[in-house]
Amino acid sequence: MNLIAAVDKNWGIGLKNRLLVSIPDDMKFFRQTTTGKVVVMGRKTLESFPGGKPLKNRVNVVLTSDPDYQVKDAVVVHSLDELHAELKKYPSEDIYVIGGESIYRQLLDECSVAHITKINYAYEADAFFPNLDEKPEWRITADSEEQTYFDLEYYFYRYEKR
């Protein structure tokens with residue numbers, strides 16, 4: 001399985017259930033990487049999307065503890081066991097964990113690749129991605145040249161678990 005996220009200098013990913021910043025080339029990378037694939041998210045992440053609707057051209061799997069939660073055009077599961085049963089239907093390399101914080105933390109150990117956009121700025125954040133630079137089992141295997149969006153610098157990194 002894969003993880004995909006945009007993080008700030010402190011590995012922050014969100015504030016009040018919104019992304020810290022929207023960078024068009026990062027959004028394009030996310031779209032190109034996940035289109036036609038399976039995306040795994042929590043309920044709050046789904047609800048942060050425009051209209052609270054699932055992402056188009058992907059299999060959307062939503063993990064929530066709310067037994068009554070339903071959403072059109074998404075598969076809703078209520079436990080990690082249910083999630084694993086659902087994900088067995090797909091090749092592991094086609095599954096992308098897309099957030100939020102608790103979903104990343106729950107599934108990190110099951111993933112082998114992380115696509116991280118690192119933004120060279122520290123935002124106010126209340127949700128964080130696990131800091132892969134502090135985890136010896138993760139290493140950077142690819143990186144981009146410096147990218148800029150107005151005055152923001154950012155980089156695309158690929159981490160792989162040893």
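Just so we're clear, the structure is a prediction, and the values are computed from it rather than from any experiment.

Points about the overall build of the protein
(1) Moving on: From N to C terminus, the protein includes 4 helices and 12 strands.
(2) Moving on: Against the globule reference of 15 Å for 162 residues, the protein gives a C-alpha radius of gyration of 15 Å, in line with a compact fold.
(3) Moving on: Viewed in the frame of its principal axes, the protein has a C-alpha envelope of about 45 × 35 × 25 Å.
(4) Moving on: Across the 162 residues of the protein, 43% fall into the buried class.
(5) Moving on: Total accessible area computed for the protein in this model is approximately 9100 Å², and 47% of it derives from carbon and sulfur atoms.
(6) Moving on: Separation of charge centres in the protein, based on 21 positive and 26 negative side chains, amounts to 4 Å.

Quick notes on the sheet that holds strand β9 (residues 127-128)
Remark on secondary structure: sheet strands pair via backbone hydrogen bonds, oriented parallel or antiparallel.
(1) Moving on: Taken in spatial order, the 3 strands of this open sheet run β3-β2-β9, and their pairing is antiparallel. Here the strands that pair on one side only, and so sit at the sheet edges, are β3 (18-19) and β9.
(2) Moving on: Where strand β2 (residues 12-15) lies against β3, 2 bridges are found, and the strand directions are antiparallel. Across the sheet, residue G14 finds its bridge partner in β3, namely L19.

A closer look at the pairing of strand β7 (residues 95-99)
(1) Moving on: The buried fraction of β7 amounts to 5 of the 5 residues, a majority that puts the element mostly inside the structure.
(2) Moving on: The pairing of strand β1 (residues 2-7) with β7 spans 2 bridges and is parallel. Note that in β7 the partner of L3 across the bridge is V97.
(3) Moving on: Pairing geometry for strand β4 (residues 38-42) and β7, over 4 bridges, is parallel. Of the residues in β7, the one forming a bridge with V39 is Y96.

Basis of the calculations
Residues numbered from 1 in each chain as written. Predicted model: local features only at pLDDT ≥ 70, side-chain atom pairs only at ≥ 80, totals over all residues. Heavy atoms only, no water. Helix = DSSP H or I, 4+ residues; strand = E, 2+ residues; numbered from the N terminus. Rg over C-alpha atoms; globule rule 2.2 N^0.38 Å. Buried < 20%, exposed > 50% of the residue type's maximum accessible area, 1.4 Å probe, protein only. Areas by Shrake-Rupley, 256 points an atom, 1.4 Å probe, with all protein chains shown as cover. Lys, Arg positive; Asp, Glu negative; His and termini not counted. Charge placed at Lys NZ, Arg CZ, Asp CG, Glu CD. Pairing = 2+ DSSP bridges.

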